[in-house]
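# Residue-level structural notes
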Protein chains: 2
Amino acid sequence: MSTSFALDPRLAADTHPLARWPLCEVQLMDDARYPWLILVPRIADARDLIDLDEAARQQLQQEVDVASMALRKVLAPDKLNVASLGNVVEQLHVHVIARFRNDDAWPAPVWGAHPRLPRSDAAREELMGRLQSAFPRFTFQEHPL
Amino acid sequence: MSTSFALDPRLAADTHPLARWPLCEVQLMDDARYPWLILVPRIADARDLIDLDEAARQQLQQEVDVASMALRKVLAPDKLNVASLGNVVEQLHVHVIARFRNDDAWPAPVWGAHPRLPRSDAAREELMGRLQSAFPRFTFQEHPL
């Protein structure tokens, strides 16, 4: 059952790599409607949050919180949406989404609300740069796995 | 800004009280389509997960995991959905939902998929009893806030 980790090809197809953190691959969903991060723990075969051992579960919470804080700092959203669903792509992943009262799905959840609307290369690179600048490196030096 | 905690009346209207844990009120959504718990930290004015201090954030994760494990133990779902959205009801709350491949919304998220379908009193009491029996009291004696 144990296999090596590889990012699910459906997640890879819809996202761009943004950062590699101690536990997670951090991907930016390529959807101009919402600033939308997906954190994927590099643990093969995990599906639910409670499949992680305690150290990984704790680390995932910290990385989700760091992602949330970066979105808040850079974009000042009206609300953060944080969710682990995985009904379609079974590989454990956590959505961290900056929501605004004037976004295309508000107040509904983003999933299924609209087709994905890819960003221009320039817009994507600009957003990725701002987010990467807001990611605090020290967090991971203090809490290595 | 600081006020005393009270369960949001919209959450109270759609749910039944199931347990009082060290941090959270645990409510059962009255929707026969899905076994659906809502955990509400008793902290006034919290909206996002990252609004909690570190101790409360850690405790919330533990209580979410205990709720997830109880749903898995009692119902053996195909997937757990765990989400903090709060675009409509701003009071911080976490959904913990047991999903099945044959449920009414699968594989879509449950929010907005169908109108709420209340359980019969007998069905609700039966489910509440099974869940309450699966909640491990010791967890909270070991980790009091």
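In what follows, the accompanying structure is described. For every chain, the first residue of the written sequence is number 1, and numbering continues from 1 onward in sequence order. The lettering of chains begins at A and the numbering of ligands begins at 1, in the order of writing. In keeping with the predicted nature of the model, local features appear solely for residues at pLDDT of at least 70, side-chain atom pairs appear and are counted solely at 80 or more, and the whole-chain, interface and lining totals rest on all residues. Hydrogens are left out, water is left out, and the side-chain values use all remaining heavy atoms of the structure.

For the rest of this paragraph, the subject is the overall build of chain A. Each helix and strand counted, chain A has four helices and five strands in total. Helix and strand definitions here come from DSSP, where helices need a minimum of 4 consecutive H or I residues and strands a minimum of 2 consecutive E residues; each element is numbered from the N-terminal end. Listing every helix and strand of chain A by position from the N terminus yields α-β-β-β-α-β-β-α-α. Every radius of gyration here is taken over C-alpha atoms, with the globule rule written as 2.2 Å times N^0.38, N being the number of residues. In summary, chain A has a C-alpha radius of gyration of 15 Å against a globular reference of 15 Å for 145 residues, a match within 12%. For the C-alpha atoms alone, the extent of chain A along its principal axes is close to 40 × 35 × 25 Å. A buried classification covers 55% of the 145 residues belonging to chain A. Throughout, exposure labels follow a simple rule: accessible area from a 1.4 Å probe, protein chains only, divided by the maximum for the residue type, with under 20% read as buried, over 50% as exposed, and the rest as partly exposed.

Bringing helix α2 (residues 54-75) of chain B into the picture now. Residue and element names in this part refer to chain B. Compared with an ideal rise of 1.5 Å per residue, which puts 22 residues at 32 Å, α2 spans 31 Å between its outermost C-alpha atoms and is within 8% of the ideal. Within α2, 16 of the 22 residues are buried, leaving the element largely enclosed by the surrounding structure. Backbone geometry just after α2 places Ala-76 at a positive phi near 45 degrees. What a helix should span is 1.5 Å times the count of its residues minus one.

Our next topic: the relation of the copies chain B and chain A. Least squares is the method for superposing the copies, and the C-alpha atoms it fits come from residues with pLDDT of at least 70 in both. For the pair chain B and chain A, the superposition axis carries a translation of 0.0 Å, the fit reaches an RMSD of 0.0 Å, and the rotation angle comes to 180 degrees. In symmetry terms, the pair is related by a two-fold rotation axis. Of every C-alpha in chain B, the one belonging to Ala-83 of chain B sits nearest the axis of rotation, 2.0 Å from it. Contacts are assigned to residue pairs with any non-hydrogen atoms lying within 4.5 Å of each other. The fraction of interface residues of chain B whose copies in chain A are also interface residues reaches 100%, indicating that both copies meet through the same surface.

On to the packing of helix α2 (residues 54-75) of chain A against helix α3 (residues 121-134) of chain A, then. Residues and elements named next belong to chain A. For helices, the fitted axis covers only the stretch in contact; all axes are lines through C-alpha atoms, and the angles between them, taken along N-to-C directions, range from 0 to 180 degrees. At a closest axis distance of 9 Å, the pairing of α2 and α3 adopts a crossing angle of 120 degrees. For the element pair α2 / α3, the angle class is oblique. As α2 runs across α3, the sense of the crossing is right-handed. Contact residues: Ala-70, Leu-71, Lys-73, Val-74 and Leu-75 in α2; Leu-127, Arg-130, Leu-131 and Ala-134 in α3. Note on terminology: angles under 35 degrees are roughly parallel, angles over 145 are roughly antiparallel, angles of 65 to 115 are roughly perpendicular, and the others are oblique. Helix crossings get a hand from a simple test, with the near helix turned counterclockwise from the far one by less than a right angle marking a left-handed crossing and a clockwise turn marking a right-handed one.

When DSSP finds two or more bridges between a pair of strands, those strands are recorded as paired. As summarised here, the arrangement of the 10 strands in space is β1(A)-β2(A)-β3(A)-β5(A)-β4(A)-β4(B)-β5(B)-β3(B)-β2(B)-β1(B), forming an open sheet in which the pairing is antiparallel. Two strands close off the open sheet at either side, each with one partner strand: β1 (15-20) of chain A together with β1 (15-20) of chain B. Geometrically, the sheet is characterised by an average inter-axis angle of 20 degrees between neighbouring strands, direction not taken into account. By the bridge criterion, five bridges tie strand β4 (residues 79-84) of chain A to strand β5 (residues 94-99) of chain A in an arrangement that is antiparallel. Across the sheet, residue Asn-81 of chain A finds its bridge partner in β5 of chain A, namely Ile-97 of chain A. Against the sheet, α3 of chain A engages β1, β2 (24-29) and β3 (36-41) of chain A, with an angle of about 20 degrees to β1 of chain A. Packing of helix α3 (residues 121-134) of chain B onto the sheet brings it into contact with β1, β2 (24-29) and β3 (36-41) of chain B, and relative to β1 of chain B it is tilted by some 20 degrees.

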